[in-house]
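Coordinate analysis (summary)
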Amino acid sequence: MSTGTRQGPAAGGVTVRVPAKVNVQLAVGAARADGFHDLANVFLAVSLFDEVTATPAGSLTVSCEGPDAAGVPLDTTNLAARAAQLLAARHGISPDVHLHIAKDIPVAGGMAGGSADGAAALLACDALWGLGSSRAELLDICAELGSDVPFSLVGGAALGTGRGERLTVLPVGGVFHWVFAVADGGLSTPAVYAEFDRLTPAAPVPAASPALLEALRTGDADALAAALSNDLQPAALSLRPELARTLETGRSAGALAGLVSGSGPTTAFLVRDAAGAESVAKALSASGTCRTARVASSPAEGATVVARG
Ligand code: ATP
């Protein structure tokens, strides 16, 4: 994170590492008049990372490398580019920067990869341009970029309310181990919410689960497994029924619990330890019910400058 002090522009590039997230609870209320949904969204950052490098350039350009790079837009719809534009506009400067994304977070997988790149680009440009923005200023721009972006900056664990963007940091008392089964193709988040609205005509007011918050605080994997929940899961399963087989495969391979990650189609499995993660990942990979299985742990730290040229 930026320290909030002016350090002068970096001469070469600035690289920021940023984590993916899993929603250990996603409670969704009814659609509001503005089309958004009120949420009680418990985010946990996990150790799958993108890296965004900002270097001085004649104009705003974006490049991307990684297995899913073909699914990432390289124009100004990329959240990293939008972050650079917003930050530059606030300071009355031109967003002349090249943003290179080394992408390891699955694209359109419900793991907030685009949001992560937005937060990372914001931090990288702030350092590159020597702006010294405060954390509050950066969080404000993050909230303008999207509901999941503030959490990508903060990392760790947090409860998001409102559209998910009003964050309360949560204590986490231990390391949790995960396996993520990455599906073929993505799921559109707006399409999943539309399906949720169709399936849930009278959604109750969303609230965080006290049992879940306590499980995070004490680092108790069994208690967390019992409390995991995602109100979008029925909608994601309705749009992608084959995900039920993936969930079943991970559970029978010994996962403590499995659920759809955010709006899917990635499925997340909580496992007891690193050895359990390896065996569940192996079973999922061998089953043919997912494209690939990734092992990760949590919590992970939020967007962080890892290199300055
Ligand atoms: P969320 O969990 O926040 O709903 P997601 O993980 O399902 O998001 P993303 O990987 O963020 O999905 O991608 C959703 C869409 O956003 C992509 O299909 C792509 O068109 C667009 N997008 C914009 N910027 C990026 C980016 N930097 N990386 C990936 N996708 C991006």
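Along its 16 residues, helix H2 (residues 113-128) runs 22 Å from first to last C-alpha, staying within 8% of the 22 Å computed at 1.5 Å per residue. Along H2, 15 of the 16 residues are buried, which leaves the element largely enclosed by surrounding structure. Positive phi shows up at Gly 130, right after H2, with a value of about 65 degrees.

This brings us to the packing of aromatic side chains. The tally for this structure, following the rule as stated, stands at two aromatic pairs. With a centroid separation of 4.7 Å and an interplanar angle of 10 degrees, the aromatic rings of Phe 43 and Phe 151 are classed as stacked. Here the residue Phe 43 occupies a position in strand S2 (residues 37-56), and Phe 151 occupies one in helix H4 (residues 149-154), the gap between them amounting to 108 residues. Residue Phe 43 is classed as buried on the basis of its relative accessible area, which comes to 0%.

Take the sheet that holds strand S9 (residues 257-260) next. What the four strands build is an open sheet, ordered S9-S10-S7-S11; its pairing is antiparallel. In this open sheet, the two edge strands, each paired with only one partner strand, are S9 and strand S11 (292-298). In this sheet, neighbouring strand axes are inclined to one another by 25 degrees on average, regardless of whether the strands run parallel or antiparallel. Bridge count for strand S7 (residues 176-182) against S11 is seven bridges, and the pairing is antiparallel. The partner of Phe 180 across the bridge, within S11, is Arg 294. Together, S7, S9 and strand S10 (267-271) form the strand contacts of helix H9 (residues 243-252), whose direction differs from that of S10 by roughly 10 degrees.

Below, the discussion takes up the site of the ligand. Surveying the vicinity of the ligand reveals 23 residues, the closest of which are Ala 108, Gly 110, Gly 114, Asp 117 and Thr 189. Between Met 111 and the ligand, the recorded distance is 3.0 Å, taken from a backbone N or O atom to an oxygen atom. A distance of 2.9 Å is found between an oxygen atom of the ligand and a backbone nitrogen or oxygen belonging to Ala 112. Notes on the ligand: free accessible area 610 Å², of which the protein chains cover 78%. The greatest single-element share of the shell around the ligand, amounting to four residues, is contributed by H2. A breakdown of the residues in the shell around the ligand according to their chemical character gives nine nonpolar, 10 polar and four charged.

A few words on the pattern of salt bridges. Summed over all chains, the structure comprises 14 salt bridges. Salt-bridge contacts for Asp 50 lead to Lys 103; the nearest nitrogen and oxygen are separated by 2.5 Å. Of the two residues, Asp 50 is situated in strand S2 and Lys 103 in the loop between strand S4 (97-102) and H2; the sequence distance between them amounts to 53 residues. Between Arg 198 and Glu 195 there is a salt bridge, and its shortest N-O distance comes to 2.9 Å. In this pair, Arg 198 and Glu 195 are both assigned in helix H5 (residues 189-199), three residues apart and thus about one turn of the helix distant. Within the structure, one salt-bridge network assembled from shared partners comprises Arg 32, Asp 34 and Asp 38.

Turning next to the confidence of the model for the protein chain. For the protein chain, per-residue confidence averages 94 on the pLDDT scale, and residues scoring 70 or more make up 96% of the total. Taken as a whole, residues 1-9 scores under 50 in pLDDT and shows 24 contacts with residues more than four places along the chain or in a different chain.

Reading guide: rules and limits
- Residues numbered from 1 in each chain as written.
- Predicted model: local features only at pLDDT ≥ 70, side-chain atom pairs only at ≥ 80, totals over all residues.
- Heavy atoms only, no water.
- Helix = DSSP H or I, 4+ residues; strand = E, 2+ residues; numbered from the N terminus.
- Expected span 1.5 Å × (residues − 1).
- Buried < 20%, exposed > 50% of the residue type's maximum accessible area, 1.4 Å probe, protein only.
- Phe/Tyr/Trp six-rings, centres within 6.5 Å; stacked < 30°, edge-to-face > 60°.
- Pairing = 2+ DSSP bridges.
- Axes fitted to C-alpha atoms, helices over the stretch in contact; angles between N-to-C directions.
- Contact = heavy atoms within 4.5 Å.
- Near = heavy atom within 4 Å.
- Polar contact = N/O pair within 3.5 Å; in protein donor to acceptor, adjacent residues only side chain to side chain.
- Areas by Shrake-Rupley, 256 points an atom, 1.4 Å probe, with all protein chains shown as cover.
- Nonpolar A, V, L, I, M, F, W, Y, C, P; charged D, E, K, R; others polar.
- Salt bridge = Lys/Arg side-chain N within 4 Å of Asp/Glu carboxyl O.
- pLDDT = per-residue confidence, 0-100.

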